[in-house]
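Coordinate inspection notes
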Amino acid sequence: MNRREALVATALGACTVATAGCDRVVGALARASGHGLPRTLRAPSAAHKSAARHLLDRAAFGPWPGDVEHVERVGIARWIDEQLAPSHIDDDACAMRTAAIDVGWVPADLLFELRPEDIERQLVTDTLLRAVYSRRQLQEVLVGFWLDHFNVAIGKSLCSHLEATYVRDVIRPNALGSFRSLLGAVTTSGAMLVYLDGRDNRRSSRREVPVPSPAEGPNENHARELLELHTLGVRSGYDQHDVMEAARCLSGWVVDERWAPGRARFVPERHDDGAKTVLGATLPPGHGARDVDLLLDVLVRRPECATHVARALCRHFVSDDPPESVVRSASASFVRTGGHIGQTVRTILTSPELARAVDQKVKRPFRFVVSALRALAAETHARLDVGDALARMGHAPFRWPTPDGYPDHAGAWLGTLPARWAFALALVEGRIDGTSVEPPALVRALATTDADDTTATLFAHLIGRRPRADELDPVVAYVETTRRRDRALALMLASPAFQRH
Amino acid sequence: MPAQTIVVVFLRGGADGLALVPPMDDPTLRRLRPTLASRRPIPLGPTLCPSGETGSCPAELGLHPELAPLVPAFRAGELAIVHAVGSDDATRSHFDAQERMERAGVRAGSEPSGWLARHLRTRVGPEPSTLSSVAIGTSVPDSLASAPAVAVLESVDDLVASATTRDPALRRALAALHGDAHDPIHEAGRDAMAAIDRLARTRPTRRSRAYGVLPFGRALAEVARLVRADVGLEAATIDLGGWDTHLAQSTALDTPARTLAEGLAAFRADLGDAMEHVVVVVMTELGRRAYENAALGTDHGRASVMLLLGGGVRGGRVVTRWPGLDPASLEPPGDLRVTIDYRDVLAELVGVRLGSTRVGEVFPGWAPGALGLFGST
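Now for a quick tour of the structure. (Residues numbered from 1 in each chain as written. Chains lettered and ligands numbered in written order. Predicted model: local features only at pLDDT ≥ 70, side-chain atom pairs only at ≥ 80, totals over all residues. Heavy atoms only, no water.)

1. Quick notes on the interface of chain A and chain B
Taken together, the contact between chain A and chain B spans 51 residues of the former and 51 residues of the latter. Regarding the contact of chain A and chain B, the summed buried area is about 4,300 Å², with carbon and sulfur atoms giving 66% of it. At the junction of chain A and chain B, the tally comes to 5 salt bridges. Put simply, Glu220(A) and Arg289(B) hold a salt bridge, and the shortest N to O gap is 2.5 Å. The interface formed by chain A and chain B holds 14 residue pairs in polar contact (both at pLDDT 80 or more) in total. In terms of residue class, the side of chain A that touches chain B is made up of 22 nonpolar, 14 polar and 15 charged. (Contact = heavy atoms within 4.5 Å. Buried area = accessible area lost by both parts, 1.4 Å probe. Salt bridge = Lys/Arg side-chain N within 4 Å of Asp/Glu carboxyl O. Polar contact = N/O pair within 3.5 Å; in protein donor to acceptor, adjacent residues only side chain to side chain. Nonpolar A, V, L, I, M, F, W, Y, C, P; charged D, E, K, R; others polar.)

Here you go:
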């Protein structure tokens, strides 16, 4: 039995004794195993965010107390190296928190024994726990990125079950590796085949087609989004003919609903096995199931694919409208490394454009919630309440209905401020079930001397720099008139400065 | 005089105009859609050409049976249908076509803006106020991008109930934090607080049961409440999804079609005479292929329909330059051709119905043609 198994066994043993206290036991164990609040913390004193803090605001969901010091200790380059090899990062403390979640380990076919609503709740909890507590932060950031890029809405048909294996077995293991491998896994995943109707895309048996068309009318949905969203980007040179030919390549895949539920399977009789021409490349007839691979190879080799993926990554990590120069260097890195995601991300994270883009992104609600929980070293079981808060902000994981994924630009999220204020208040007032924060412990660790300084220090801790007078004064005035330090903390979380990253 | 309100209902996903308002007894449609064209549509009578035009041959079009709740409005002359309408965006991409349509030709760039936003900035009258434009949901649609102020809400009561209204000191601090900076977050925060203050003064009203329990009905009920409260609402946006019927369309379309029709019928009944000051525009980013696919659904096509409901609409008519469905008339690979640009409809709404004198700035680079959709019947 290794350390992790021992810890998990202890935790689960304790849970059988007192189910109600299970979360507290696991939380305490996780903290004891080295993931708690450091004894001392240094609040930022400069007027601008440090490079380490900026990196953690992009490559992670904001710092857990002590993370900035850690990055500064090991150095930015080495921290990125560590994050790009997530399996080498000891993540036992987080694993302990997620150990009891069925969707994390139940075999694919047994997942069908669970109710869809339970699967969704568990998935949201699992996603939140990892985002808040995992030390493999970059991996989780990229899992979120790919879940938007290759969006599968949980509400559609079998996706209510397939989303679990999609996140666990398709997206997470491939999030930092080869883009081609990720794309291949996604394209023939049960989840995507259901979501984009690929399982209903078959060679037409109709002899007579009323309108002259190169294909006999297979289902184009998957093929169109594969070209438009997953690989090349709209208006990048492909046309309606290419979509129809790609649809022929993708025909014949079904999703089993009986013997191995959710498993994707190729049925040769449903496949259009003739020759195809996609983007000028000829795919010879008779390749059957391999047509998918041939098609994906054609797509991934296109320079438009490198640019499309690079631009999406730059929009996520750098700014809503990233400078062309960083898109070009990321795209070059993608091409040079044969489409290696981690190396492309490294290029972006170490780029001068990223360094200059401090606070240019507006946090999406998920990041707002997670970064608040992390900054305060919150203890949460991340069940119902937190997910509900995200739903009220229009950012419930897995719920975006259309294949383009949640928007990754500020404009889409500016209407969510009142819901963020409400969340901040609920959090500091302890009204979120199973979630608690202990500001006094944080204040002690930050070792502020006098009371006046507490507000400024805590604010600086939250936003990664010394607050300006116009930011600090309203909060100080509020504390002076009301003595409500808890709500003052909510004000800091509600402040415009905390909405940026 | 109460504000005139535009309510834009955007059918996201590409609603099938050929199923919602199909030609009656068309043998070509039956051949193109052997499994889909089964239920008999509700006859609407012969179509009309756009005003002053002659020559394009009229067609007999009908209404999808699930749209039956809209028939009374049509017969009362309050609902007009425009067919074979669409945009010049031939990508057949949901996202590209939606963005293009909502920005009405102005591409995303340094100052991206939507057509509703440009209308609110250029129309005559007092400065737009806090509740001039409201997006029902959690985000601002492209049509309202760069609007003077947009309130985003799913429910007036929920927004008002947020704790910030119960602690005046907190409310003051929050206002100070959002200062007067010309910054999107500061501005959004100020807009939200102003909207909450204004809404807190409106009286909650009992919601008509006819709206049902679905989000679309609830959204319309919120808009009706804002119209009745006379808060100066000029533009409201509501999304309705579920139209991307690549699969088993004959059943997949029933629910969104019924939801749309029941919602609009409840809205009309709820507002009663106040409907005179409201125009509902129903639009979608693309239509669907004329022939069905192997999954008994339809793939992305070109032209679809738009609906106009409310005061000043010359209703009870279907206006179209019907392009027909025979192979030579379809746009390859088999799509209903766009013969009316959506901007002609919107420009007439803005120019004729709302009396804007700066239609050219709302739809830059577009010379609208007259369709005769508004005015006295």
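2. Here we look at the packing of helix α3 (residues 51-59) of chain A against helix α5 (residues 76-84) of chain A
Residue and element names in this part refer to chain A. It is the contact of α3 with α5, at a shortest axis distance of 11 Å, that shows an interaxial angle of 20 degrees. It follows from the interaxial angle that α3 and α5 lie roughly parallel. In this structure, α3 crosses over α5, and the sense of that crossing is right-handed. For the pair α3 and α5, the contacting residues are Ala51, Ala52, Leu55, Leu56 and Ala59 in the first and Ile76, Trp79 and Ile80 in the second. Taken together, the residues of the contact of α3 with α5 break down into 8 nonpolar, no polar and no charged. (Axes fitted to C-alpha atoms, helices over the stretch in contact; angles between N-to-C directions. Helix = DSSP H or I, 4+ residues; strand = E, 2+ residues; numbered from the N terminus. Parallel < 35°, antiparallel > 145°, perpendicular 65-115°, else oblique. Left-handed = near helix turned anticlockwise from the far one by under 90°.)

3. Quick word on the environment of His178(B)
Its place among the elements puts His178(B) in the loop between α7 (168-177) and α8 (184-200). Between the alpha carbons of His178(B) and Asp157(B) there is a distance of 23 Å; along the sequence they are 21 residues apart. Once residues lying within four places of it in the same chain are set aside, the contact partners of His178(B) are Leu417(A), Trp421(A), Ala494(A), Pro496(A), Ile185(B), His186(B), Gly189(B), Arg190(B) and Met193(B).

4. Things to note about the packing of helix α25 (residues 485-494) of chain A against α7(B)
Contact pair α25(A) / α7(B): the axes reach a minimum separation of 10 Å and the direction vectors enclose 30 degrees. Here α25(A) is positioned roughly parallel relative to α7(B), judged by the angle of their axes. Here the hand of the crossing between α25(A) and α7(B) comes out right-handed. Contacts between α25(A) and α7(B) involve Arg487(A), Leu491(A) and Ala494(A) from the former and Leu170(B), Ala173(B), Leu174(B) and Leu177(B) from the latter. Its residues placed into classes, the contact of α25(A) with α7(B) shows 6 nonpolar, no polar and 1 charged.

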